[in-house]
Structures are given as C-alpha cells and as structure tokens.
Amino acid sequence: MNILILGSGGREHAFALKIAQSKLSDKLYVAPGNSGTQNIAKNISININDFNEVKKTVLELNIEMVIVGPEDPLVNGIHDFFADDSEINSIIVIGPKQMAAKLEGSKDFAKEFLMRHNIPTAAYATFTKQNLNEGYEFLSSLRPPYVLKADGLAAGKGVLILESLQDAKSQLREMLIGEKFGEASSKVVIEEFLDGIELSCFVITDGENYKILPTAKDYKRIGEGETGLNTGGMGAISPVPFANKSLLSKIEKTIIRPTMDGLKKDNIEYQGFIFIGLINVNNEPKVIEYNVRMGDPETEAVFPRIQNDFVEIFQSFKNKTLDEINIKIDERASATVVLVSGGYPNKYKKGLKITGIDEVINSTVYHAGSIQKGKDIYTNGGRVLAVTSFGNNFKDALNNSYQSASKINFEGMYYRKDLGFDL
Ligand code: AMP
Ligand code: GLY
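Reading guide: rules and limits
Residues numbered from 1 in each chain as written. Chains lettered and ligands numbered in written order. Predicted model: local features only at pLDDT ≥ 70, side-chain atom pairs only at ≥ 80, totals over all residues. Heavy atoms only, no water. Near = heavy atom within 4 Å. Polar contact = N/O pair within 3.5 Å; in protein donor to acceptor, adjacent residues only side chain to side chain. Areas by Shrake-Rupley, 256 points an atom, 1.4 Å probe, with all protein chains shown as cover. Helix = DSSP H or I, 4+ residues; strand = E, 2+ residues; numbered from the N terminus. Contact = heavy atoms within 4.5 Å. Pairing = 2+ DSSP bridges. Axes fitted to C-alpha atoms, helices over the stretch in contact; angles between N-to-C directions. 1 Å grid on protein atoms, 1.4 Å probe; cavity = no way out; pocket = protein on both sides within 12 Å on 5 of 7 lines; lining within 4 Å. Points joined across faces, edges and corners; volume = space filled by probe spheres on them. Nonpolar A, V, L, I, M, F, W, Y, C, P; charged D, E, K, R; others polar. Core = buried A, V, L, I, M, F, W, Y, C linked by side-chain atoms within 4.5 Å. Buried < 20%, exposed > 50% of the residue type's maximum accessible area, 1.4 Å probe, protein only. Salt bridge = Lys/Arg side-chain N within 4 Å of Asp/Glu carboxyl O. Parallel < 35°, antiparallel > 145°, perpendicular 65-115°, else oblique.

Draft legend 1. Region of the structure containing the site of ligand 2. Surrounding ligand 2, one finds Asp218, Gly232, Phe275, Arg293, Gly295, Asp296, Pro297 and Glu298. A distance of 3.2 Å separates a nitrogen atom of ligand 2 from a polar side-chain atom of Asp218. The separation between a nitrogen atom of ligand 2 and a polar main-chain atom of Asp296 is 2.9 Å. In isolation ligand 2 has 200 Å² of accessible area, and contact with the protein removes 86% of it.

Draft legend 2. Looking closely at the side chain of Thr57. Mapped onto the elements of the fold, Thr57 is located in helix α2 (residues 51-60). Contacts of Thr57, omitting those with residues within four sequence positions, involve Ile44 and Ile46.

Draft legend 3. Quick look at the sheet that holds strand β9 (residues 187-191). Spatially, 4 strands are ordered β6-β9-β7-β8 in an open sheet, and the strand pairing comes out antiparallel. With partners counted over all chains shown, the strands left at the sheet margins are β6 (124-128) and β8 (159-162), one partner each. On average, each strand axis in the sheet is inclined to that of its neighbour by 25°, with strand direction left out of account. Pairing between strand β7 (residues 146-150) and β8: 4 bridges, direction antiparallel. Paired with Tyr146 across the bridge in β8 is Leu162.

Draft legend 4. Just empty space enclosed by the protein, in detail. Enumeration over the complete set of coordinates arrives at 3 cavities of 30 Å³ or more. Space inside the largest cavity adds up to approximately 70 Å³. Lining the largest cavity we find Glu198, Leu199, Ser200, Lys217, Asp218, Lys220, Phe275, Gly277, Leu278, Ile288 and Glu289. Where the lining of the largest cavity is concerned, the elements lending two or more residues are β10 (197-205), β11 (210-218), β15 (272-281) and β16 (284-291). Of the residues contributing to the lining of the largest cavity, the split by class is 4 nonpolar, 2 polar and 5 charged.

Draft legend 5. Quick look at the side chain of Asn280. Of note, Asn280 is situated in strand β15. From its side chain, Asn280 meets the backbone nitrogen of Glu284 in a polar contact 3.3 Å long. Beyond its immediate chain neighbours, meaning those up to four positions away, Asn280 contacts Gly196, Ile197, Leu199, Phe242, Leu247 and Pro285.

Draft legend 6. Here's a closer look at the sheet that holds strand β19 (residues 364-367). Ordered by their spatial adjacency, 8 strands build an open sheet running β16-β15-β10-β11-β14-β17-β22-β19, and the pairing between neighbours is antiparallel. One side of each edge strand has no neighbouring strand; the edge strands of this open sheet are β16 and β19. Averaged over all pairs of adjacent strands, the angle between strand axes in this sheet comes to 25°, irrespective of strand direction. As paired elements, β10 and β15 share 9 bridges and run antiparallel to each other. Following the sheet pairing, Cys201 is matched in β15 by Ile276. On top of the sheet, helix α1 (residues 10-20) reaches β15 and β19; it is set at about 120° to β19, its chief contact. The strands touched by helix α9 (residues 245-265) within the sheet are β10, β11, β15 and β16, with β16 carrying the most contacts at an inclination of about 45°.

Draft legend 7. Representation of the nonpolar core within the structure. Among the nonpolar cores identified, the biggest contains 47 residues, and Leu4, Val58, Phe82, Leu103, Ile276 and Tyr290 are the most heavily contacted of them. Counting residues per element, this core draws most heavily on α9, which supplies 6 residues. Setting aside residues up to four positions removed in sequence, Val58 forms contacts with Leu4, Ile63, Val66, Phe82, Ile88 and Ile91. Ranked by size, the runner-up nonpolar core spans 31 residues in total, among them Ile19, Phe310, Val311 and Phe317.

Draft legend 8. Quick peek at the pattern of salt bridges. Applying the stated criterion across every chain yields a total of 22 salt bridges. Of the charged contacts in the structure, one is a salt bridge between Glu191 and Lys149, with a shortest N-O distance of 3.3 Å. Of the two residues, Glu191 sits in strand β9 while Lys149 sits in strand β7, which places them 42 residues apart along the sequence. The pair formed by Glu191 and Lys149 is uniform in burial state, with each residue classed as buried. Note that Lys220 and Glu198 form a salt bridge whose closest N and O atoms lie 3.9 Å from each other. Of this pair, Lys220 sits in the loop between β11 and β12 (221-223) while Glu198 sits in strand β10; the two residues are 22 residues apart in sequence, bridging distant segments of the chain. Judged by relative accessible area, which is 28%, Lys220 ranks as partly exposed. Via salt bridges that share partners, Lys55, Asp85 and Glu87 belong to a single interconnected network.

Draft legend 9. Seen up close, the site of ligand 1. Taken together, 15 residues sit near ligand 1, with Glu191, Glu192, Leu194, Glu198 and Glu289 positioned nearest. Here a nitrogen atom of ligand 1 and a backbone polar atom of Glu192 are 3.0 Å apart. The separation between a nitrogen atom of ligand 1 and a polar main-chain atom of Leu194 is 2.8 Å. For ligand 1, the accessible surface in isolation is 470 Å², of which the surrounding protein chains cover 89%. Broken down by secondary-structure element, the contributors of at least two residues to the shell around ligand 1 are β7, β8 and β16. Looking at the shell around ligand 1 residue by residue, the classes come out as 8 nonpolar, no polar and 7 charged.

Draft legend 10. Broad picture of the packing of helix α5 (residues 98-105) against helix α6 (residues 107-116). Running from N to C, α5 and α6 point in directions that differ by 100°, and their axes come no closer than 6 Å. One finds that α5 runs roughly perpendicular with respect to α6. Packed against α5, whose contacting residues are Met99, Lys102, Leu103 and Gly105, the element α6 presents Lys107, Phe109, Ala110 and Phe113 at the interface. Residue composition of the contact of α5 with α6, grouped by class: 5 nonpolar, 1 polar and 2 charged.

Okay, structure coming up:
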C-alpha cells in the first residue's frame, strides 16, 4: 500500500525507515519531510495542518494509510476530518481523534481524566483570569518549587517551575492576564511539585487492545547536568535501567490499564500511540503528562529496538487485531545523541554545511532540522541530527553514539556529553 507520513523531524525519519523496510509498503511519502526522508521516500511540500490539502494529496497519490508524527494535526482533528468524509474514510489514520487528543491538547482535561480514573498524579487546581486571586491563594498554600502549566499546546515551553512565591504569582498573572502563551495560557494548571526521577512509557493501541513498547528516558535541558533552557530533547536512552520488572508491572497496573479502561468508560475512542511521561517518586510512579504521539528523540531510541513489520502493526488497527501481533524487542540498549545548532534553543544560524555523515558506520544518523541541496546537506533547524547506536548497556550504546557524533561536523555544532549522568 501507499503510505504518507506527516512531519519533518528525526521522529518522522525513524518512522520512514521502519515503514520503508516493510514488505507491505509500496510508495512512501513524507510531508514535508527532510534530507533524511528524501533518500528513502518522496518528500511532499504541503501544510500538514491544512487538511483539505492533505486530502487532495492522499487522493492524488492513492494513499491508504496516513501516519501522523506531531501532535498539532491530531489536536486539530485530522483523524475526525478523515473519518467524516466518505471519500477518505477508508484510509487508516495512525493517531487518535480530536476528543482523545485533548489528553495532550489540554492539561486541565488530562488532569480531570487522571483524577476521575484514580490514576496517580500530582495534586492540582486550574485557574482562569476570572479567579486569579484564588490562584494566588492556592500558590500560597503550596510549598516551593511551584509548577505552572499553560493548559494548551505551547510548543513544549508552557511549563514553568519557579522557586519563589513572588515569581510564581507574577508568572501566573503573566500567563492569565498578559497572555504569555496566547490562548494556550487562558487557563493555567498549578501543580504540586513531584521530586523524583523521570521516565517515559509508550503504548500502542488499536482502540481495543494495547501493547507496551520499550521505555525511554530523555534529556530535555540544553546544558549538562540538566541545566539551562528546555529544548525539544537532547538525547534518549532505552530501556530505562531502573525500570525493572516490578516497577514496570506497577506502572501497568496503576497507570496503563486504568488509562485504557478510563478511555473506554469515558467513551473516548483511541487509536495510535500514547506516550506517558512519568516521575518515579519513592518507587511510586505518577503521571506528569500524556502525549498522543511518539516522542522526539525517544522514537529514534525506541523504534530501532522494535523488530516488527510496522505496517503489519498499523494494519491491525483496521480490524482491531493488535492482540494477534507479538511485539519483538531487541534486548540490547540503544542511545540517541542529538546534535544541535549553536545557540539553540535561542537564536541560531541555518544553512551551514554538514560533513561527515557518510563516515558514520556503527550508528544510524536520523535527520531532523536539515535539508539537502544538490549532493550536500545543510542545517535547517535547531535540532539538526540524532545519532542512535546499540550497545550491551546504555553506557556502551552512548559511547558508540558519541564516537559517531565526533565524525560529524558543522559550524557551531553542539551536543551534550553527559547523557545518562543521572543513572
Ligand atoms: P510537561 O510539558 O508536562 O512534560 O512538563 C515539562 C517538564 O516539567 C517535565 O518533563 C518535568 O521535568 C517537569 N514537571 C512537570 N510537572 C512537574 C511536577 N508536577 N513536578 C515536578 N516536575 C514537573
Ligand atoms: N521529547 C519530548 C517530546 O517529544 O515531547
């Protein structure tokens, strides 16, 4: 079948590599794609949030499956758009409908869902500009640090963690009255701070059955020792070494199963990936967020460890037969190191020539913010490349990725050399 992947990051390159390997895949397209997907698929330059444009492309190219990489088309209702149109409703869309995508699109909706189904999470309250004063009072009742979250999508920037009560109050005002994150911060969730170590769980579901995919840990800050500004993600390790059998079974029992049951009870149809961000507090895992897609760079660490035919997995969504598929996992560890533009996540240059990718032999280089012009590849974004390697353990895997990364070069290139420091 002909397949279209939506998105342009390292995550979408990782999807494309898996799909391209499937014997069930004929023509593969990526919109808009990048220099990595260009060599294994055909890139199509369309706006993936313009669903009429996506529909036109899908009909023209005879596409039978659409895989949605990032969250915004899902939160904007791309799956509903397909389901409600008789010309395209037989196409398999990988990613949940709009109602389910609210689990990522609205933090308040996600918190209500967690509370309703007794799933462990931080205590919270939600405020709007109408009850700003109650927000101040609620902050005064908490101990520092203070966690403020814009309700809506804010490109990963909507969470503030503040040490002083005064800063927390003024930021709450900035978000609600000053529209710091625009419409996204017209509601703000204030949360109890959880002190523990983070990990991420990935689940795939056809709406009836679910399978748990390998865990991963990502590194979000730009600086070593998890310091400095938040980024899209500077690297990932899979599996998470401290996620032993007993922790994993606790996560399944107290979080994953109640999430799946909760979706059913609430009549929320869900097909696709669920990415659950967790903090392990004294061996009690608690949910910090749901994402309705795979993570980036987590995908680049997790997917290489999954040995299945991905199209076969996705096709099982049609008749809800995911239970018949046995997910085969490579037992080795994988580690992804993200190479970013100098200055990222603030201002950075684009259009710098990248050298050395061809010299990498023991790793997979996923392209993200990069474009090809002629034979050469140039930087075109903040997170430029993601280098993934296997190893007997995460340290081995990291060393292999660092060795490969040292062969690649572009002006200002930066990557964190301390990944895994906390494990
Ligand atoms: P989120 O966008 O919800 O993933 O939040 C971004 C980051 O903020 C998370 O990866 C955590 O590091 C941190 N965070 C979010 N909520 C909490 C919390 N309740 N306690 C401590 N840290 C948090
Ligand atoms: N790496 C975090 C995310 O994809 O949201």
